[in-house]
There are 2 protein chains.
Amino acid sequence: MEKTSSKFSKEVYGKILGHLEQDILDLLWSSGEASGKEIFTAIRRTRGIALTTVLTVLERLWKKGLVIKEKGESVYLFRPVFTKEEFAKEVSSDFFKGLFELSAGGASASFVNILAQVDPVELDRLKALVESKKKEIESRKG
Amino acid sequence: MEKTSSKFSKEVYGKILGHLEQDILDLLWSSGEASGKEIFTAIRRTRGIALTTVLTVLERLWKKGLVIKEKGESVYLFRPVFTKEEFAKEVSSDFFKGLFELSAGGASASFVNILAQVDPVELDRLKALVESKKKEIESRKG
DNA sequence: TAATATATTCGACAAGGCGTAGAATGTCAA
DNA sequence: TTGACATTCTACGCCTTGTCGAATATATTA
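Model, not experiment: these values are computed from the prediction.

Enquirer: Requested: an account of the packing of aromatic side chains, with residues and values cited.
Expert: All names here are of chain B. Enumeration over the complete set of coordinates arrives at three aromatic pairs over all chains. Aromatic side chains Trp29 and Phe87 sit 5.5 Å apart centroid to centroid with 55° between the ring planes, which places their arrangement in the tilted category. Taken together, the residues Trp29 in helix H1 (residues 19–31) and Phe87 in helix H4 (residues 84–118) connect sequence positions 58 residues apart. For the pair formed by Trp29 and Phe87, the shared burial category is buried. A cation over an aromatic ring shows up here: Lys69 above the ring of Tyr76, its NZ or CZ 4.9 Å from the ring centre.

Enquirer: Please provide a residue-by-residue account of the pairing of strand E2 (residues 67–71) of chain B, values included.
Expert: All names here are of chain B. Where E2 and strand E3 (residues 76–80) come together, five bridges link them in antiparallel fashion. Within the sheet, the bridge partner assigned to Glu70 lies in E3 and is Leu77. The antiparallel hairpin formed by E2 and E3 contains four residues in its connecting segment.

Enquirer: Break down the protein's contact with DNA strand C for me, citing the residues and quoting the values.
Expert: Close to DNA strand C lie 25 residues; A:His19, A:Leu20, A:Thr56, A:Lys64 and B:Tyr76 are nearest. Sugar and phosphate atoms form 61% of the subset of DNA strand C atoms that lie within 4 Å of the protein. Within the backbone of A:His19, one N or O atom sits 2.5 Å away from a phosphate oxygen of DNA strand C. A:Arg47 is positioned with one of its side-chain polar atoms (N or O) 3.1 Å from a phosphate oxygen of DNA strand C. Residue assignment for the surface near DNA strand C shows that the elements contributing at least two residues are helix H1 (19–31) and helix H3 (51–63) of chain A together with helix H3 (51–63) and E2 of chain B. Residue classes in the surface near DNA strand C are distributed as eight nonpolar, seven polar and ten charged.

Rules and cut-offs
- Residues numbered from 1 in each chain as written.
- Chains lettered and ligands numbered in written order.
- Predicted model: local features only at pLDDT ≥ 70, side-chain atom pairs only at ≥ 80, totals over all residues.
- Heavy atoms only, no water.
- Phe/Tyr/Trp six-rings, centres within 6.5 Å; stacked < 30°, edge-to-face > 60°.
- Helix = DSSP H or I, 4+ residues; strand = E, 2+ residues; numbered from the N terminus.
- Buried < 20%, exposed > 50% of the residue type's maximum accessible area, 1.4 Å probe, protein only.
- Lys NZ or Arg CZ within 6 Å of the ring centre and 35° of its normal.
- Pairing = 2+ DSSP bridges.
- Near = heavy atom within 4 Å.
- Polar contact = N/O pair within 3.5 Å; in protein donor to acceptor, adjacent residues only side chain to side chain.
- Nonpolar A, V, L, I, M, F, W, Y, C, P; charged D, E, K, R; others polar.

Given below as structure tokens:
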């Protein structure tokens, strides 16, 4: 008796952020800084949405410590707290920790596979990273 | 104006499964197979919980396709569908995909760091994995 | 067979997250 | 003061997870 389906995991930050939160963060990463209205306008071009919806989510992102909110000339401006890279590290590190407890081997295998699939060139960088990390550990051991 | 806190991420499969779901899966990974009551008893040793709570969650895990449910002599027995390793791959692959879109570099860096911290020996394996993957790609290119 | 015990399923509720947005309130300039 | 625009409040609906009691099914046995 085995039920089929396999739906854990969604997309990205999958589970870390909601879709709208993602969209908004992405826009902020592109623009660097924007007012709620600007973000609203940008999203509006794609689909129907209310200004307050955007503002609410922006507020939530701020409460989560993901964006900075600063009064500009006449309106609040929002900026991401983290760069994409930082955010990726931030988000992934806890996930990895848990994952490794499950299975370091499985995680590594999967990681390499997906990386090769998505961005093979990065394999070189990964290799370099591993090597330098190894050296770092060696030297620390004395 | 920056609100502090950084609470995305929890533990493991963090966000993929709830706590009780995790506990139960862990128990199943240890025992290989167990009845709802056995799992209940095990958890009960730690904290107060009702049998039905355990059964409900077991049912949900089954609906998610994470456990197998089979009638034993007199009661239903549950077994995990995936090994820990498989589950780790399964869960991580989608996560990685999204993560890489964010920042392959950031993800790799984070991955190596955490791995080094949690299980440095695995670095060798990772290195080997990367190398063999690279070769695989090379050879495919012809 | 009826009664008792045990196993399993149903239905529900609360809490928390996210998307959604109208209503209310605040602010500033004409 | 009155708009016009900005910001905050409040709230609903939906979904997931933890939590169970009640109801039902099944088996055991007096």
